[in-house]
Amino acid sequence: FFQKTLTAVKNWFTLFGWSKGQNPISIPYSLRRDVCKVQKTSSQEKMFKHNLGKDTKTVYDMLFHLSGHLLPGITLSQSLPVDPVERMLQLHWQHSTLLAFLKSQGAYLPHVRPEFLLEPDDYKKWIKMQTVLKVMKNSDIFSDKHVFVLEDRVFETISKRAWTDVLLQIYKVFVLPRVSSRNTTDLFSLESVQNMPRIKLEPLSSNIYSPYERTILTWLNRNYEKNRKTVWKDCQKGEVPPTRWIVNFDLDLLDGLVLAAQLGSYCPFLIATHFVRMYTNPRLPEQFLHNCLILVNAMHAVSLAVDIKV
């Protein structure tokens, strides 16, 4: 389950998380590696700045693209100190700032600590420094009392989970709120859907979905009920599918019919070329696969390339 979640997160942020097109990422490796655009180097007593290139994109570029905000004290052309320990401390502070900023926007990340976002070598330096400070007992550089000393393999697992959760919370606080609910009062104005059960949009009416996700569910219900008789009136593999109440994003979408109704609403030319060949009452795995093949082919036909696998 976690691997499927990670893959979905990686695909979405690769496609839509950056300005000026796609930027392939790997979780957590590229996010931990690409933390600055300018790398300082020293030669004897002189200091040089090595530009890593305009194509280097950091998590701060992604955050600025999605939220329009820069983190306090951090610029898009951020550079890091030459000294390994100072570099680690700078990165720990930047990750702390990132987490604090996301929490201030409504992200829920109590289980993610800044050191979990570091590279493994930097994490070891941080643990070593914590051990020294604990012995000295006279430094308040870090206020955290609890230090998690993780083995290499465990750290990689924790770091991957931490970065995945950070990206999910970035999506939650900066992407989902773009869903507008101003027209939801008109979504059930059609006579055909007036008697359907309503999905409440109040914040406390669900402990699973946010108001924005429930707005999307309302939109799915409205479009499906509005278009099912139009999309499948000339269906080759069954009758018009019955009314249904769409209340989740997994089980209710498995047969491809709900998503096909959405595409049919905005791209009616796909009905005759694709959707009339769908099974409207699928029961066998082969029929579900058949429907989803048609749906993905329809998405490709309109260049809706979101890397969805059948």
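See the structure above.
These notes cover the structure that comes with them. Position labels on residues start from 1 in each chain and follow its written sequence. Two thresholds apply to this predicted model, a pLDDT of at least 70 for residue-level local features and 80 or more for giving and counting side-chain atom pairs, whereas whole-chain, interface and lining totals are computed over all residues. Side-chain figures throughout are based on the complete set of non-hydrogen atoms in the structure, without hydrogens or water.

## Details of the overall build of the protein
- Note on conventions: DSSP H or I runs of at least 4 residues are helices, E runs of at least 2 residues are strands, and numbering of each starts at the N terminus. A count of helices and strands for the protein gives 10 helices and 3 strands.
- Three labels apply to residues, based on accessible area from a 1.4 Å probe with only protein chains included: buried if under 20% of the type maximum, exposed if over 50%, partly exposed otherwise in between. Looking at the 310 residues of the protein, the share that counts as buried comes to 41%.
- Contacts in the protein between residues far apart in sequence, at least 24 positions, make up 62% of those at least 6 positions apart.
- In the form shown here, the protein has an accessible surface area of approximately 18,200 Å², with 56% of it arising from carbon and sulfur atoms. In this analysis, two residues are considered to be in contact whenever any of their non-hydrogen atoms come within 4.5 Å of each other. All accessibility values rest on the Shrake-Rupley procedure with a 1.4 Å probe; residue burial counts only the protein chains present in the view.

## Focus on helix α10 (residues 285–301)
- The span expected for a helix works out to 1.5 Å for each residue beyond the first. Compared with an ideal rise of 1.5 Å per residue, which puts 17 residues at 24 Å, α10 spans 24 Å between its outermost C-alpha atoms and is within 8% of the ideal.
- Taken together, the buried positions of α10 are occupied by Q287, N291, C292, I294, L295, V296, A298 and M299.
- At its buried positions, α10 is contacted by α8 (257–266) and α9 (269–273).
- Among the residues trailing α10, S303 stands out with phi positive, at a value near 60°.

## Details of the layout of surface pockets
- Lining residues are defined by having an atom within 4 Å of a point belonging to a cavity or pocket. Those points lie on a 1 Å grid over the protein atoms alone, cavities being sets where a 1.4 Å probe fits but cannot get out and pockets being open sets with protein on both sides within 12 Å along at least five of seven lines. Grid points are joined across faces, edges and corners, and a volume is the space filled by probe spheres set on the points. Space inside the largest pocket adds up to approximately 2,600 Å³.
- As for the largest pocket, its lining consists of 48 residues, and the residues nearest its centre are A8, Y171, F249, L253 and I308.
- Elements represented by at least two residues in the lining of the largest pocket include exactly α1 (2–16), α6 (152–174), α7 (211–231), α8 and α10.
- Gly counts as polar in this scheme, as do all residues outside two lists: the nonpolar Ala, Val, Leu, Ile, Met, Phe, Trp, Tyr, Cys and Pro, and the charged Asp, Glu, Lys and Arg. In terms of residue class, the lining of the largest pocket is built from 32 nonpolar, 7 polar and 9 charged.
- Taken domain by domain, the makeup of the lining of the largest pocket includes at least three residues from each of domain 1 (1–39 + 52–178) and domain 2 (183–302). Domain limits in this description derive from either an automatic procedure or a database domain assignment.

## Considering unusual backbone geometry
- In this structure, the amide linkage connecting I27 to the following residue, P28, adopts the cis form with an omega of 5°.
- By the element assignment, P28 lies in the loop between α1 and α2 (29–33).
- Its identity as a non-glycine residue notwithstanding, K20 has a phi of 60°, on the positive side.
- Relative to the elements of secondary structure, K20 occurs in the loop between α1 and α2.
- Of note, the phi angle at S303 is positive, near 60°, even though the residue is not glycine.
- In this structure, S303 sits in the segment after α10.
- On the accessibility criterion, S303 (64% relative accessible area) is exposed.

## Considering the pattern of salt bridges
- When a carboxyl oxygen of Asp or Glu is within 4 Å of a side-chain nitrogen of Lys or Arg, the pair counts as a salt bridge. Counted under the stated rule, the structure contains 10 salt bridges.
- Ionic pairing is found between R33 and D34, a salt bridge with its closest N-O pair at 3.1 Å.
- For E115, the salt bridge identified is with R113, shortest N-O distance 2.7 Å. The residues E115 and R113 share a single accessibility class, namely buried.

## Quick look at the packing of aromatic side chains
- Only Phe, Tyr and Trp rings are paired, with Trp represented by its six-membered ring, and only when their centres lie within 6.5 Å; those with planes under 30 degrees apart are stacked, over 60 edge-to-face, the remainder tilted. Using the criterion set out here, one finds 8 aromatic pairs in the structure.
- For the pair W12 and Y171, a centre-to-centre distance of 4.9 Å together with 90° between the ring planes defines the contact as edge-to-face. A residue pair is termed long-range when its members are at least 10 positions apart, and W12 in helix α1 and Y171 in helix α6 qualify at 159 residues.
- Take Y171: its relative accessible area is 29%, and that puts it in the partly exposed class.

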